[in-house]
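The lines below spell out each chain.
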Amino acid sequence: MYINIVAGGPEEHLPDLAEFNDHSIWVGVDKGVLRLISHGIEPAYAFGDFDSVTDEEWTMIRSKVKNIQTFRAEKDEPDMELAINWALEQCAEKIRIFAGTGGRLDHFLGNVQLMLRPLLNHVNAAIEIIDKKNIIFAKGPGSYRIVKDEQKKYISFIPFSSAVSGLTLTGFKYPLNDRHIPLTSTLCISNELIDDNGTFSFTKGILLVIRSND
């Protein structure tokens, strides 16, 4: 099961959502519900306090979405976290976040931290943040195959823990072998695959992987 969650970030950063309409469950978070409706996608669920929508927009949301979970504006968890918690409870194989970049940096960094939740809680689910130029995901220790994508040819590996140990990159323009990468290192930013596919592996830590284009 794939669950696609659309937030309220800037429209200009959205990819073509039709490319991800692969029998996924679509979820709108606050104003992201309106964004889905405007793209011709009827959300299956909606989450939020909806303090950023007008009365007219709220009437439209209620007419279009059968399953709405509303929350008061003053709460401990932001709307996105509530939607992520729900998606994890559904045992989703993959959760994709759209419109989660390009706006408020606090919301973006919060979304990045939410990607760690399955890793830290040992839940078998992957969370990605996707916009027009980037795909972001997090990985724990292991060995992973990565396939060349000319639309996202730059690949960066950023430590998201105190350090990443034993990082090895094969099939890349700038290979590594059993390298220790401390938290503040930018060594692994903007690499590229030279083969059709490659691998990255490491033995300790959490790695943020960002696939980008200009």
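Structure's up top.
Residues numbered from 1 in each chain as written. Predicted model: local features only at pLDDT ≥ 70, side-chain atom pairs only at ≥ 80, totals over all residues. Heavy atoms only, no water.

A. Layout of the overall build of the protein. For the protein, the count of helices and strands is five helices and 14 strands. Relative to a compact globule of 214 residues, whose C-alpha radius of gyration would be 17 Å, the protein shows 18 Å and is just as compact. Seen through its C-alpha atoms, the protein measures out along the principal axes to roughly 55 × 35 × 30 Å. Counting across all 214 residues of the protein, residues that qualify as buried make up 47%. Expressed as a percentage of contacts within the protein between residues at least 6 apart in sequence, the contacts between residues at least 24 apart total 61%. With an accessible surface of roughly 11,300 Å², the protein has 49% of that area assigned to carbon and sulfur atoms. In the protein, 22 side chains carry a positive charge and 29 a negative one; their mean positions are 4 Å apart. (Helix = DSSP H or I, 4+ residues; strand = E, 2+ residues; numbered from the N terminus. Rg over C-alpha atoms; globule rule 2.2 N^0.38 Å. Buried < 20%, exposed > 50% of the residue type's maximum accessible area, 1.4 Å probe, protein only. Contact = heavy atoms within 4.5 Å. Areas by Shrake-Rupley, 256 points an atom, 1.4 Å probe, with all protein chains shown as cover. Lys, Arg positive; Asp, Glu negative; His and termini not counted. Charge placed at Lys NZ, Arg CZ, Asp CG, Glu CD.)

B. Representation of the pattern of salt bridges in the model. Under the definition given, this model contains four salt bridges. Measuring nitrogen to oxygen at the nearest pair gives 2.9 Å for the salt bridge that ties glutamate 11 to arginine 35. Of this pair, glutamate 11 sits in the loop between β1 (2-6) and β2 (25-29) while arginine 35 sits in helix α1 (residues 32-38), and the two are 24 residues apart along the sequence. When its relative accessible area of 14% is taken as the criterion, arginine 35 is described as buried. (Salt bridge = Lys/Arg side-chain N within 4 Å of Asp/Glu carboxyl O.)

C. Structural context of unusual backbone geometry. Positive phi, normally seen in glycine, also occurs at alanine 99, with a value near 60°. Within the fold, alanine 99 resides in the loop between β5 (94-98) and α4 (105-114). Residue histidine 122 is not a glycine yet carries a positive backbone phi of 55°. One can find histidine 122 in the loop between α5 (117-120) and β6 (126-130). Given the relative accessible area of 73%, histidine 122 is considered exposed.

D. Region of interest: the sheet that holds β1. Across the sheet, ten strands lie side by side as β4-β3-β2-β1-β5-β6-β7-β14-β9-β12; this open sheet has mixed pairing. Edge strands, defined here as strands with exactly one partner in the open sheet, are β4 (67-70) and β12 (191-192). Alignment of β5 against β6, held across five bridges, turns out to be parallel. Bridge pairing links arginine 96 to glutamate 128 in β6. Across the sheet, helix α3 (residues 79-89) lies against β1, β2, β3 (45-48), β4, β5 and β6, angled at about 170° from β1, the strand it touches most. (Pairing = 2+ DSSP bridges. Axes fitted to C-alpha atoms, helices over the stretch in contact; angles between N-to-C directions.)

E. Quick peek at the nonpolar core. Ile5, Leu17, Trp26, Met80, Ile84, Ile95 and Phe98 are the most contacted members of the largest nonpolar core, which totals 37 residues. Examining the composition of this core, we find that six residues originate from one element, α3, more than from any other. Leaving out residues up to four positions away in the same chain, methionine 80 has contacts with Ile5, Ala7, Val29, Ile97, Asn111 and Leu114. Counting 17 residues, the second largest nonpolar core, distinct from the first, contains Tyr144, Phe172, Cys188 and Val209. (Core = buried A, V, L, I, M, F, W, Y, C linked by side-chain atoms within 4.5 Å.)

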